[in-house]
Each structure stands twice: as C-alpha cells, then as structure tokens.
Amino acid sequence: MKKRNVIIYWIATLWLSLGMTATAIPQLLKLKGNGDAPPAVDGIVHLGYPVYFLTILAIAKILGVVAVLVPRYPVLKEWAYAGFFFIMTGAVYSHLASGDAAAALFPSLLLLALTCISWYFRPVSRRPGPSFSKSIA
C-alpha cells in the first residue's frame, strides 16, 4: 500500500504542479484573450479583481510549485499547500459569486482536488516532524 500511496502522490503532485504553472504563466504575462492566448486579464476583471492581482497570484503559484517539488523543507511545503488551497477555494468562490456557469468552476475544483490529494498522500519525508506540531499547539 505504501508504494501505491507514493504513486498517487507523485501523479497528483506533478499534475498539480503542471496546472499551477500552466495557469501562472499567462497570469504573469497578462495575456489577453486574442485567439491562442488565454484570457487572463479578461477573466480577472470579470471576477471583479484588479489586473495587478494576476502578478501576485502568478508569483505565489510559481513559488508554491518550487516549494512542493524540491526535496526537504517540509514546513515550507505546508505553507505552499495552504496557499494553493486558499487560492483555489478563493477562485471557486469568486466564480460562484460572479454568477459563472458550473463549467467555469471545473479548473479551480480540479486544482483544489489535486492539492488535497497531493497533501494527503505526501510521504513522511515531506511532512513536518513532531517538533512542528508542538510549536503550533
């Protein structure tokens, strides 16, 4: 069962990392919807956020991907997972609040699910040790 958990972890983590990176790049470049380019600016404005918010989201996603993929630094990984969770739950709520169709929720819900799966199945070597639990209690 341990091998199965490691496989699930790496599949979820790689898809999560790919998804976060694939959404961060157009946000960082602030590409407009003109055919092939993702409508990052149009989308964020539609949700009611300022355009500069794209840069904040993109940098947070890229740093989170690096933190989740590099070995060691388990406390940093916890912060990255928490950040991904908050970003994706915020995206789901923003789409709901703006009256978007259910289909618009799918990408955010998928990345939220991958975040939870990756976090849940992470190996012991990627989890904070007992000293972390005592320090926050």
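A few points on the structure. For every chain, the first residue of its written sequence is number 1, and the numbers climb from 1 along that sequence. The predicted origin of the model limits local features to residues at a pLDDT of at least 70 and limits the giving and counting of side-chain atom pairs to 80 or more, whereas totals for whole chains, interfaces and linings rest on all residues. Side-chain measures here rest on the full set of heavy atoms in the structure, leaving out hydrogens and waters.

1. Some points on the overall build of the chain
Alright, step 1. Numbering of helices and strands runs from the N terminus, with a helix taken as a DSSP run of H or I at least four residues long and a strand as a DSSP run of E at least two residues long. Secondary structure summary: the chain contains six helices and zero strands in total.
Alright, step 2. For the chain, the N- to C-terminal ordering of α and β elements is α-α-α-α-α-α.
Alright, step 3. A 1.4 Å probe rolled over the protein chains alone gives each residue an accessible area, and that area as a share of the maximum for its type sets the label: buried under 20%, exposed over 50%, partly exposed in between. Per-residue burial for the chain yields a buried fraction of 33% across its 137 residues.
Alright, step 4. Residue contacts follow a heavy-atom distance rule, with two residues in contact if any of their heavy atoms lie within 4.5 Å. Across the chain, the fraction of contacts at a sequence separation of at least 24, relative to all contacts at a separation of at least 6, is 62%.
Alright, step 5. To be clear on the numbers: accessible area is Shrake-Rupley with a 1.4 Å probe, and residue cover counts the displayed protein chains and nothing else. Per element, the accessible surface of the chain, about 8500 Å² overall, is 74% carbon and sulfur.

2. Overview of helix α5 (residues 106-120)
Alright, step 1. In a helix, the anticipated span is given by 1.5 Å times the number of residues less one. End to end, α5 covers 21 Å across 15 residues, agreeing with the expected 21 Å (1.5 Å per residue, within 8%).
Alright, step 2. Tucked inside the fold, the buried residues of α5 contact α1 (2-29) and α4 (74-97).

3. Some remarks on the nonpolar core
Alright, step 1. The criterion is simple. A nonpolar core is a set of buried Ala, Val, Leu, Ile, Met, Phe, Trp, Tyr and Cys residues joined through side-chain atoms within 4.5 Å. Within the largest apolar cluster, 21 residues are counted, with the highest numbers of intra-cluster contacts made by Leu16, Met20, Phe84, Met88 and Leu111.
Alright, step 2. Counting residues per element, the ones that place at least two in this core are α1, α2 (40-46), α3 (53-69), α4 and α5.

4. Thoughts on unusual backbone geometry
Most peptide bonds take the trans configuration, and most residues that are not glycine carry a negative phi.
Alright, step 1. In this model, Arg72 sits at a positive phi of 70°, which is unusual for a non-glycine residue.
Alright, step 2. Along the polypeptide, Arg72 turns up in the loop between α3 and α4.
Alright, step 3. Look at Tyr73: it is not a glycine, yet its phi comes out positive at around 55°.
Alright, step 4. Relative to the elements of secondary structure, Tyr73 occurs in the loop between α3 and α4.
Alright, step 5. When its relative accessible area of 52% is taken as the criterion, Tyr73 is described as exposed.

5. Points about the packing of α1 against α3
Alright, step 1. Contact geometry of α1 with α3 gives a least axis separation of 8 Å together with a crossing angle of 155°. Taken together, the axes of α1 and α3 are roughly antiparallel relative to one another. Seen along the crossing, α1 lies across α3 with a hand that is left-handed. In this structure, α1 uses Tyr9, Trp10, Thr13, Leu14, Ser17, Met20, Thr21, Thr23, Ala24, Gln27 and Leu28 to contact α3, whose residues at the interface are Leu54, Thr55, Leu57, Ala58, Ile59, Lys61, Ile62, Val65, Val68 and Leu69.
Alright, step 2. A breakdown of the residues in the contact of α1 with α3 according to their chemical character gives 14 nonpolar, six polar and one charged. Structural elements are reduced to axes, namely lines fitted to C-alpha atoms, with helices fitted over the stretch in contact, and the angle between N-to-C directions of any two is expressed from 0 to 180 degrees. What sets the label is the angle itself: under 35 degrees gives roughly parallel, over 145 gives roughly antiparallel, 65 to 115 gives roughly perpendicular, and the rest give oblique. Left-handed describes a crossing whose near helix is turned anticlockwise from the far helix through less than a right angle; right-handed describes the clockwise counterpart. Nonpolar residues are Ala, Val, Leu, Ile, Met, Phe, Trp, Tyr, Cys and Pro. Charged residues are Asp, Glu, Lys and Arg, and all others, Gly as well, are polar.

6. A short note on the environment of Val66
Alright, step 1. With respect to the helices, strands and loops of the structure, Val66 is situated in helix α3.
Alright, step 2. On the basis of relative accessible area, Val66 is assigned to the partly exposed category, the value being 46%.
Alright, step 3. Along the primary structure Val66 and Ala80 are separated by 14 residues, whereas in three dimensions their C-alpha atoms are 8.9 Å apart.

Function cannot be read off these values alone, since they describe shape.
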